[in-house]
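Take a look at the letters that make up each chain.
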Amino acid sequence: MSADEWGTRHSPTVLFLPDIGQVRGIWHDAAAALAGAGRHVIAVDLRGSGASEEPGDRRYDADAFIGDLYAVLGQLSSRPVVVGAGRSARLAAIALGEAGPDLASGLVLVERYGAYSSSVPDDAPASGALDERTRQALERITTPILQVSANDSEARFDRFASARTDIEAEAMLAPSHPDHEEHFHAMLVEFLERRVPRTADEYVTGVDPRTLRDALGTFATGVTIVTATAPDGSHVGLTANSFTSVSLDPPLLLVCPARNAGSMAALEQAEHFAVNVLHIGQQSVSNLFAMKGEDRFAETEFELWDRGVPILDNALANFECRKYAEYDGGDHVILVGEVERVRYAPQRDPLLYFRGKYRRLHFG
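My aim in this report is to walk through the structure given alongside it, one point at a time. (Residues numbered from 1 in each chain as written. Predicted model: local features only at pLDDT ≥ 70, side-chain atom pairs only at ≥ 80, totals over all residues. Heavy atoms only, no water.)

1. Describing the overall build of the protein chain
Okay, step 1: The secondary structure content of the protein chain amounts to 8 helices and 19 strands.
Okay, step 2: Seen along its three principal axes, the alpha-carbon backbone of the protein chain occupies a region of about 80 × 50 × 40 Å.
Okay, step 3: At a minimum sequence separation of 6, the contacts of the protein chain that also span at least 24 residues come to 69%.
Okay, step 4: Split by element, the accessible area of the protein chain, about 18,100 Å² in all, is 50% carbon and sulfur.
Okay, step 5: Each charge class in the protein chain was averaged separately, 34 positive and 52 negative side chains, and the resulting centres sit 1 Å apart. (Helix = DSSP H or I, 4+ residues; strand = E, 2+ residues; numbered from the N terminus. Contact = heavy atoms within 4.5 Å. Areas by Shrake-Rupley, 256 points an atom, 1.4 Å probe, with all protein chains shown as cover. Lys, Arg positive; Asp, Glu negative; His and termini not counted. Charge placed at Lys NZ, Arg CZ, Asp CG, Glu CD.)

In C-alpha cells form, the structure reads like this:
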C-alpha cells in the first residue's frame, strides 16, 4: 500500500483511510492541519487505488481490506487514531472490534469526505452490507469514537448510535460552505486533544494512586498461578503477575502476591511453593484463581511433584521452588524461591497482561 507521511514519528499517530474509490489525496489538507497540531499523520491508498498496486489475489471483499489494515497497524510503533471515510470507516470499526480494540487509541467515522477519483471494484462491499457487522464491532470497541456526518446528507452514521451510548457525534458543514474544511480540521483537533491527548499523564506523591497503577500497567507481564500446600494438607493458589527471574546461580525467582490474599497465610508458612506460568488458553484459570471463595482445585487439573506442591497441568511452564527468602513489599509480599524443578512447553504462547487487560502475543 502506498502512503504519505507528515509530522515526526515520536508524536501520536493518526492513520487516514479514504473510502473505496477514493485516493489518499483527499486527506492531505486535514493531515497537514493535524501535523501542525503536533500529530504524526499517515494517509494510505487502499488496495488497487491511487498509487497502490492491484492486489495479486484480485480480492476486493471486506476481509481483504481488513487484512490490509491489520498489516498496516502491525508496522506502526504506536496505536494510532484511525480516521476512515464511508466504507473504510466501517471496515476500520470491524477490524478494531473483531481483532482487539487496543489496536488503535481512537476511531473517527466520517460519513462522506472528498471526491471519488477511481472506479469502485464490482466485488467491493456496499456500505449497507457492512452495517450489522459494524454495529456488532462497535459494541466491543472501548477506545473513544467520533461519528462525523454531513449535514446535507440523509445517509448518516446515526444508525450506529445504539451500539455505544458514549459515541460522540458531530455534523460537518456542507462541502459547498466556505469553511467546510476548516470546520472539519478543528473538529478533529478538538476531539483528539480532549480524548487522545498528546501529553503523557504524570504521577507525583499525593496524586490519585490510580495514575500510578495505570503507569505500572504499561509494563506488559505474563500471568502466573502461585500454588502451595497448607500445613493441614489443603492446596492453595492465587493469580499473580508480579513475577521475575532473579538469578541463575543459584537459580532464583521471585513473585509478589498481595498481602491481603486469602492464600497468603498458607504461602508464608509453606517451605515450598510453585509458580505456574499460563498460556493463552488459560485465561479462565487465571480468573478462577483470582476470585475469592472458590474451590479452585476442584475445577483444575493438577499433579503433585516431590515436594507435595500442586503443579497445574498443561501450563506454559511450572517452577517448583524452595522458599529462599521473604521480604516486606508494602501491600504485597516478596517471595524469593530457589528453583528445584522445572517443566515447560516451548510450543505454547504466553497469556499476557497489559494495561489492566489480558492480551495475546502478536508476532510481527
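2. Observations concerning the packing of helix α1 (residues 28-36) against helix α5 (residues 180-195)
Helix-helix packing is characterised by the crossing angle of the two axes and by the distance between the axes.
Okay, step 1: Contact geometry for α1 and α5: axes closest at 10 Å, N-to-C directions at 45°. What the angle tells us is that α1 and α5 run oblique. Between α1 and α5 lies a crossing of right-handed hand. From α1, D29, A30, A33 and L34 reach across to α5, where they touch E181, F184, H185, L188, V189 and L192.
Okay, step 2: Broken down by class, the residue content of the contact of α1 with α5 amounts to 7 nonpolar, 1 polar and 2 charged. (Axes fitted to C-alpha atoms, helices over the stretch in contact; angles between N-to-C directions. Parallel < 35°, antiparallel > 145°, perpendicular 65-115°, else oblique. Left-handed = near helix turned anticlockwise from the far one by under 90°. Nonpolar A, V, L, I, M, F, W, Y, C, P; charged D, E, K, R; others polar.)

3. Observations concerning empty space enclosed by the protein
Okay, step 1: Applying the stated criterion across every chain, the model contains 1 cavity of 30 Å³ or more.
Okay, step 2: Empty space within the largest cavity amounts to approximately 100 Å³.
Okay, step 3: Together, M1, L17, L46, F65, I66, D68, L69, V72, S88, L91 and A92 line the largest cavity.
Okay, step 4: Elements represented by at least two residues in the lining of the largest cavity include exactly α2 (62-75) and α3 (87-99).
Okay, step 5: Tallying contributions element by element places α2 first for the lining of the largest cavity, with 5 residues. (1 Å grid on protein atoms, 1.4 Å probe; cavity = no way out; pocket = protein on both sides within 12 Å on 5 of 7 lines; lining within 4 Å. Points joined across faces, edges and corners; volume = space filled by probe spheres on them.)

4. Section: the pattern of salt bridges
Okay, step 1: In this structure the tally under the stated criterion is 21 salt bridges.
Okay, step 2: Linking R9 and E5 is a salt bridge whose minimum nitrogen-to-oxygen distance equals 2.8 Å.
Okay, step 3: Relative accessible area serves as the criterion here: at 62%, R9 is assigned to the exposed category.
Okay, step 4: Of the charged contacts in the structure, one is a salt bridge between E98 and R133, with a shortest N-O distance of 2.8 Å. Residue E98 is located in helix α3, and its partner R133 is located in helix α4 (residues 127-140); the two are separated by 35 residues in the primary sequence.
Okay, step 5: When its relative accessible area of 38% is taken as the criterion, E98 is described as partly exposed.
Okay, step 6: Within this structure, E168, E190, R194 and R195 form a network of salt bridges that share partners. (Salt bridge = Lys/Arg side-chain N within 4 Å of Asp/Glu carboxyl O. Buried < 20%, exposed > 50% of the residue type's maximum accessible area, 1.4 Å probe, protein only.)

5. A short note on the sheet that holds strand β9 (residues 224-229)
Okay, step 1: Spatially, 7 strands are ordered β10-β9-β13-β16-β17-β12-β11 in an open sheet, and the strand pairing comes out antiparallel. One side of each edge strand has no neighbouring strand; the edge strands of this open sheet are β10 (235-240) and β11 (243-248). Across the sheet, the mean angle separating the axes of adjacent strands is 30° when strand polarity is ignored.
Okay, step 2: Summarising the sheet, strand β13 (residues 272-277) and strand β16 (residues 317-329) pair through 6 bridges and their orientation is antiparallel. By the bridge assignment for β16, F273 is matched with C321. (Pairing = 2+ DSSP bridges.)

6. With respect to the packing of aromatic side chains
Okay, step 1: Enumeration over the complete set of coordinates arrives at 9 aromatic pairs.
Okay, step 2: Each ring, one from Y60 and one from F65, has its centre 6.2 Å from the other, and the planes form 50°; the classification is tilted.
Okay, step 3: Following the ring pairs from residue to residue traces out a cluster consisting of F16, W27, Y113 and F184.
Okay, step 4: Seen from the ring of W305, R341 lies directly overhead, with NZ or CZ sitting 4.0 Å from the centre. (Phe/Tyr/Trp six-rings, centres within 6.5 Å; stacked < 30°, edge-to-face > 60°. Lys NZ or Arg CZ within 6 Å of the ring centre and 35° of its normal.)

7. Here we look at unusual backbone geometry
Okay, step 1: Look at the link from D249 to P250: it is a cis peptide, with omega at 0°.
Okay, step 2: Of note, P250 is situated in the loop between β11 and β12 (251-255).
Okay, step 3: Despite not being glycine, R58 shows a phi value in the positive range, around 55°.
Okay, step 4: Looking at the element boundaries, R58 is found in the loop between β3 (40-44) and α2.
Okay, step 5: R58 gets classed as exposed once you look at its relative accessible area, which sits at 56%.

8. With respect to α5
Okay, step 1: With 16 residues, α5 should reach 22 Å at 1.5 Å per residue; the first-to-last C-alpha distance of 23 Å fits that figure.
Okay, step 2: Buried residues along α5 sit in contact with β2 (13-17), α1, β4 (81-85), β5 (106-110), β6 (145-150) and β7 (168-172). (Expected span 1.5 Å × (residues − 1).)

9. With respect to the side chain of R87
Okay, step 1: Within the secondary structure layout, R87 lies in helix α3.
Okay, step 2: For R87, a relative accessible area of 13% gives the class buried.
Okay, step 3: A distance of 3.3 Å separates a polar side-chain atom of R87 from the backbone oxygen of I20.
Okay, step 4: Aside from chain neighbours lying at most four places away, what touches R87 is D19, I20, Y116, V120, P125, A126, S127 and L130. (Polar contact = N/O pair within 3.5 Å; in protein donor to acceptor, adjacent residues only side chain to side chain.)

10. Quick word on α4
Okay, step 1: In a regular helix each residue adds 1.5 Å, so 14 residues correspond to 20 Å; α4 covers 20 Å between its end C-alpha atoms and thus fits that length.
Okay, step 2: Residues of α4 that are buried in the fold lie against α2, α3, β5 and β6.

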